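Spelled out, the chains give:
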Amino acid sequence: MTRDTRYPAHPVPASAGIGLRAPHVDSIVHQRPTIPWLEVHSENLFAAGGATHAAMEALRADYPLSMHGVGLSLGAADRLDTAHLRRLKELAARYCPALVSEHLSWGAVGGLHSNDLLPLPFTEEAVTLLVSRIGQVQDALGREILVENISSYLRFRDCDYPEWEFVVEVVRRSGCGLLLDVNNLYVNSVNHGFDPLDYLRAIPAEIVREIHLAGFTRKDDVSVPLLIDTHSRPVSDAVWGLYEEAIARIGPVPTLIEWDQDIPALEILLAEASLAQEVLDAYRAHAV
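These numbers were taken from a predicted model, which means no experiment stands behind them.

Visitor: Would you take a moment to explain empty space enclosed by the protein for this structure?
Guide: The method is simple in principle: a probe with the dimensions of a water molecule rolls over the atoms, and the space it marks as empty is what remains. Per the stated rule, a full pass over the model turns up two cavities of 30 Å³ or more. The space that makes up the largest cavity amounts to roughly 100 Å³. Every residue lining the largest cavity is listed: L104, P119, L120, F122, N149, I150, S152, E163, F166, V167 and N188. For the lining of the largest cavity, the leading source of residues is helix 5 (residues 163–174), giving three residues.

Structural data, given as structure tokens:
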């Protein structure tokens, strides 16, 4: 399937973009704010036509694009959903995104889908499975994909790796790239009691292609520390600090502000992106 030559094959810049969400589509289509790039959830474009595709047709010529999937269920025991993969391939050919990403998780079995991204055991068996699945996806799309570390609220007893080594092993053996979600990293450090800097130091800079930032919700009515990855509020001070450390170690990479619940006015989302841009700009100024 050939790419659609109507759209420029611009790379996503190492700047701060935002996730394109329904409440903001009309404003972005008509106002064309200065946004370095946009990210969309792939599955929101699986329908053949309609208003969402009309908006994408209007925006794609002006904004570099990343497509971020939530439903491929790379780590499931079932075989990959070939219909899902076919639609993803068609979308990639249609809109020519610079980046395509999915999650290191599973979420479907026997045709039933979870409402959340479910964690995997950090075992050699899971690494082998994921490497095979990522290879299938990359072969089908004819391109590198990125995989994202997820937030989690439980851990399996029997693991062969700490989470960070598991993530690096999957990426290196599959030949894909890493979408490093700094918020998820911090959430897991609190929920599972590890030093987030240990995780960050273990990530080779050369495998990171994109970073995600989002807000979490702290649960105060439980007996143990618990953060929920709700994407419903501003990025926390702790996550901003970890992001600064990540950029200091990795260098500037495309950075996305995610906000999926209690979605605020576009101006608030753009203000969050401007804070991430300040971190990227400060790194560049210091490097010069």
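From this point on, the discussion continues.
Visitor: Looking at this structure, I do not really get helix 5. What am I missing?
Guide: Given 3.6 residues to a turn, an α-helix orients residues that are three or four positions apart in the same direction. Here helix 5 contains 12 residues, and its C-alpha end-to-end distance of 17 Å stays within 8% of the 16 Å for a straight helix at 1.5 Å per residue. Burial in helix 5 covers these residues: E163, W164, F166, V167, V168, V170, V171 and S174. Of the surrounding secondary structure, the elements contacted by the buried residues of helix 5 are helix 4 (124–141), strand 7 (146–148), strand 8 (177–181), helix 6 (182–192) and helix 7 (196–201). Of the residues trailing helix 5, G175 is marked for its positive phi of about 75°.

Visitor: Which parts of the structure should I look at to understand the pairing of strand 1 (residues 16–19)?
Guide: Two faces belong to every sheet, and in a regular strand the side chains alternate between them. Strand direction decides the pairing type here: strand 1 and strand 12 (residues 255–257), joined by three bridges, are parallel. Residue pairing for strand 12: A16 is matched across the bridge by T255. Pairing analysis gives two bridges linking strand 1 to strand 2 (residues 38–41), with the strands arranged parallel. Bridged to G19 within strand 2 is E39.

Rules used throughout
Residues numbered from 1 in each chain as written. Predicted model: local features only at pLDDT ≥ 70, side-chain atom pairs only at ≥ 80, totals over all residues. Heavy atoms only, no water. 1 Å grid on protein atoms, 1.4 Å probe; cavity = no way out; pocket = protein on both sides within 12 Å on 5 of 7 lines; lining within 4 Å. Points joined across faces, edges and corners; volume = space filled by probe spheres on them. Helix = DSSP H or I, 4+ residues; strand = E, 2+ residues; numbered from the N terminus. Expected span 1.5 Å × (residues − 1). Buried < 20%, exposed > 50% of the residue type's maximum accessible area, 1.4 Å probe, protein only. Contact = heavy atoms within 4.5 Å. Pairing = 2+ DSSP bridges.

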